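Descriptive structure summary
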Amino acid sequence: VKNKNKISVCFVNVNVNLHTHLERKNLGIEYLASVLNSRGYTADCLYCDKLALMSKLETLISENDIKVIGFSCMQDNVYVIQNSIKYLKSKYPHIVFIVGGAQAVALGKEFIHDSGVDYIMVGESENYITELMDFIIYHKGNIEEINNICYLNTKGEFVRNPQGKLICQLDNLPFPNYVLKNDDSLTYAGIITGRGCPFKCAFCYQGAKEKTVRYRSLDNVFEEISLLIKNNKNVKMIQFYDDTFTLDANRVREFCNRMKKIYEEFGIRWICEIHCQTVYDKPELLKLMVEAGLNEAQIGIESGDNTILKKLNKTITSDMIIQTVENCKKAGIYMLEGNIMLGAAGETKEQLEANFDFAEQLIIAGKGMIQIYPVLLWPFPNTPITLNPSKYGVKIIEEQCEYTVNCISNCVSESESVTRQEFVEYYYQLRDRISEVYSKVACTLNAQEAGKHWFNGSFTFVEQWGRSLSAIKYMNTFFIAKGKNNVDLSDDNVYPVRTFDIHSYKDNMLYLRESDLLIETFDSRILEICNGKNNVKEIAERLGADIKTIHERLFALEDKMLVYGSAI
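Scope of this entry: the structure provided in the associated data block.

Procedures and definitions
Residues numbered from 1 in each chain as written. Predicted model: local features only at pLDDT ≥ 70, side-chain atom pairs only at ≥ 80, totals over all residues. Heavy atoms only, no water. Helix = DSSP H or I, 4+ residues; strand = E, 2+ residues; numbered from the N terminus. Buried < 20%, exposed > 50% of the residue type's maximum accessible area, 1.4 Å probe, protein only. Contact = heavy atoms within 4.5 Å. Phe/Tyr/Trp six-rings, centres within 6.5 Å; stacked < 30°, edge-to-face > 60°. Lys NZ or Arg CZ within 6 Å of the ring centre and 35° of its normal. Pairing = 2+ DSSP bridges. Axes fitted to C-alpha atoms, helices over the stretch in contact; angles between N-to-C directions. Polar contact = N/O pair within 3.5 Å; in protein donor to acceptor, adjacent residues only side chain to side chain. Core = buried A, V, L, I, M, F, W, Y, C linked by side-chain atoms within 4.5 Å. Salt bridge = Lys/Arg side-chain N within 4 Å of Asp/Glu carboxyl O.

**Examining the environment of Lys314**
Topologically, Lys314 is positioned in the loop between helix H10 (306-311) and helix H11 (318-331). According to the relative accessible area criterion, Lys314 is buried, its value standing at 4%. In the structure, Lys314 is positioned 37 residues away from Gln277 in sequence and 9.1 Å away in space, judged by C-alpha atoms. Those residues in contact with Lys314, other than ones at most four positions away along the chain, are Cys201, Phe203, His275, Gly300, Ile301, Glu302 and Leu309.

Following this line, the structure appears as structure tokens:
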């Protein structure tokens, strides 16, 4: 944090999942910091993982006049925050600690007692954070009159003050704090263009919050984007965190018409969430989004069984999901991410097994671009499933909730017909099935589709396609060769080289075991002598074929990544 000896309020984002990206901005704390800075305070945000938290915070405290530290609470970091506050409170009793964030609503008297935290903030708090700071630092006002906070009163009683009104005029909020800074190291930014979600998915903590959808004006959004680009000249990706970005198709069209100009001028791509119900029948909208720079999208899937989807209040069908995936593929989206959830709706074994074939349908429909992940139900606060699990045929195993390190990565539920251990087994079976399908479908990709996943001399291991493609040796050979010596096979004097060596035969045709690929007889004859010893003209002469035909077959084989051209 740069403002040495000036920071009075520090908001902290603690990352406990060490594989995730620290550079992703927490817009909740960034907005709070910006509000306070606009009101005369000096506030900033600290991002760090749990292993570096204490050393960074203690350095920060030693170098600045810190009066308040606020932690952003998510399900996975509750205990890290609790233990951190307990330690810091004993060492720095003059500092006031607050906790807020998406799941702070679940915290109560027990958390205050165990951690020593002074205040818990719940809900949208930009309108109330200044009142709280005025009370803490300048002893102004009455704590009983500040909305959206919980605390212990002088009698030790837990008090939850009333919830304030939602912020309807979002344009009145200052831009997030990080947008106002110059930071050439920033490459990944986050923006929210609206708040609230009208859908009622039974498992979703976002859907359990504000139902009223409120939008910023697009003028306000693009003013922020322009400032972001001006202050952070190396930004290459913007993630729009709206829960329902595609809810209003006309608004999306207007957004894309304006975003396309930014994409064309600065090369900035973007990510958003899409809802099947809003786009499955609008392929032209998805195409417009891609033309405006849409790179990745996140989609709610959850199940391939329509009974389960209905039980989860998803308002979509499996056919709508498949249609959406196909439309995203045709539109040219680079990556589409979605989850299949287990243990959320009292599934039977038959319903769980239906996910195996459904996952395969999704991967085939989204060949080369869709990323499917199996996840497990987590009882987020105030969701319909958490409030009434028996209605959904779910039993929450509290002991397993206590044992969990990362939510949605541990099974904490069971149904009437499926035990927790069986859910775990189905999870691993589904994960293995998905990996098998990726490996099978990866072998059918053409060079252009596979090439999208090749970066800096290797297939990226971040994506499931990259992991599958990296296991196919001849594809690695192809892209390495193309990167070092990209020679056009249309030249008669080029020496074609096949990308594989060990092979066998079936019915007099070449057979590649690693991809289960059988190559037609004439193409097999061509590949046999594509060993770098013969140029294109010599191959045609040896096979007694006209050179035009050889060129056509070489281009087709190159598209399958089976051959490349060498100048010598």
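**Side note on the packing of aromatic side chains**
If you walk through the whole model with that rule in mind, you get 16 aromatic pairs. Centre to centre, the rings of Phe245 and Trp270 are 5.7 Å apart; their planes meet at 50 degrees, and the pair counts as tilted. Linking Phe245 in the loop between strand E11 (237-240) and helix H7 (249-266) with Trp270 in strand E12 (residues 269-274), this pair joins segments that are 25 residues apart in sequence. In terms of burial, Phe245 and Trp270 fall into one category: buried. With 4.6 Å between their ring centres and 85 degrees between their planes, Tyr438 and Trp465 make a pair best called edge-to-face. Placement of Tyr438 in helix H15 (residues 420-442) and of Trp465 in helix H17 (residues 464-470) is noted, with a sequence separation of 27 residues between them. What makes Tyr438 buried here is its relative accessible area of 1%. Pairwise contacts between aromatic rings join Phe222, Phe240, Phe245, Phe255 and Trp270 into one cluster. Looking at Lys25, its charged tip hangs above the ring of Tyr47, at a distance of 4.7 Å from the centre. Positioned over the ring face of Phe500 is Arg498, at 5.8 Å from the centre of the ring.

**Quick notes on the pairing of strand E6 (residues 149-152)**
Within a regular strand, the side chains alternate between the two sheet faces. As judged from the two bridges shared by strand E5 (residues 119-121) and E6, these two strands associate in the antiparallel manner. Bridged to Ile120 within E6 is Cys150. Bridge analysis of E6 against strand E7 (residues 158-160) gives three bridges, and the strand direction is antiparallel. Paired with Leu152 across the strands is Phe158, a residue of E7.

**Description of the sheet that holds strand E14 (residues 335-342)**
Across the sheet, six strands lie side by side as E8-E11-E12-E13-E14-E15; this open sheet has parallel pairing. The open sheet terminates on both sides in strands that have one partner only, identified here as strand E8 (188-191) and strand E15 (370-376). Averaged over all adjacent pairs, the angle separating strand axes in this sheet is 20 degrees, with direction ignored. By the bridge criterion, five bridges tie strand E13 (residues 294-302) to E14 in an arrangement that is parallel. Note that in E14 the partner of Glu302 across the bridge is Ile340. Relative to the sheet, helix H6 (residues 218-231) contacts E8 and E11, its axis offset from that of E8 by approximately 160 degrees.

**Section: the side chain of Glu126**
Of note, Glu126 is situated in the loop between E5 and helix H5 (129-138). Within the local environment of Glu126, its side chain forms a polar contact with the side chain of Arg195, the two groups lying 2.7 Å apart. Setting aside anything within four residues of it in sequence, one finds Glu126 in contact with Tyr31, Leu32, Val35, Ile167, Leu173 and Arg195.

**Observations concerning the nonpolar core**
Counting 114 residues, the largest nonpolar core has Ile225, Ile238, Met259, Trp270, Ile274, Met289 and Leu362 as its most contacted members. It is H15 that provides the largest number of residues to this core, a total of 10 residues. Residues within four places of Leu362 in sequence aside, it is in contact with Ile301, Ile321, Ile322, Val325, Ile340, Ile370 and Ile372. Grouped together as the second largest cluster of nonpolar side chains are 31 residues, Ile69, Leu88, Tyr92 and Ala104 included.

**Focus on the pattern of salt bridges**
Inspection of the entire model under this criterion finds 24 salt bridges. Put simply, Glu360 and Lys440 hold a salt bridge, and the shortest N to O gap is 2.7 Å. Placement of Glu360 in helix H12 (residues 349-365) and of Lys440 in helix H15 is noted, with a sequence separation of 80 residues between them. Among the salt bridges present, the one from Arg498 reaches Asp501, with a minimum N-O distance of 3.5 Å. Through salt bridges with shared partners, a single network forms among Glu124, Glu126, Arg195 and Arg214.

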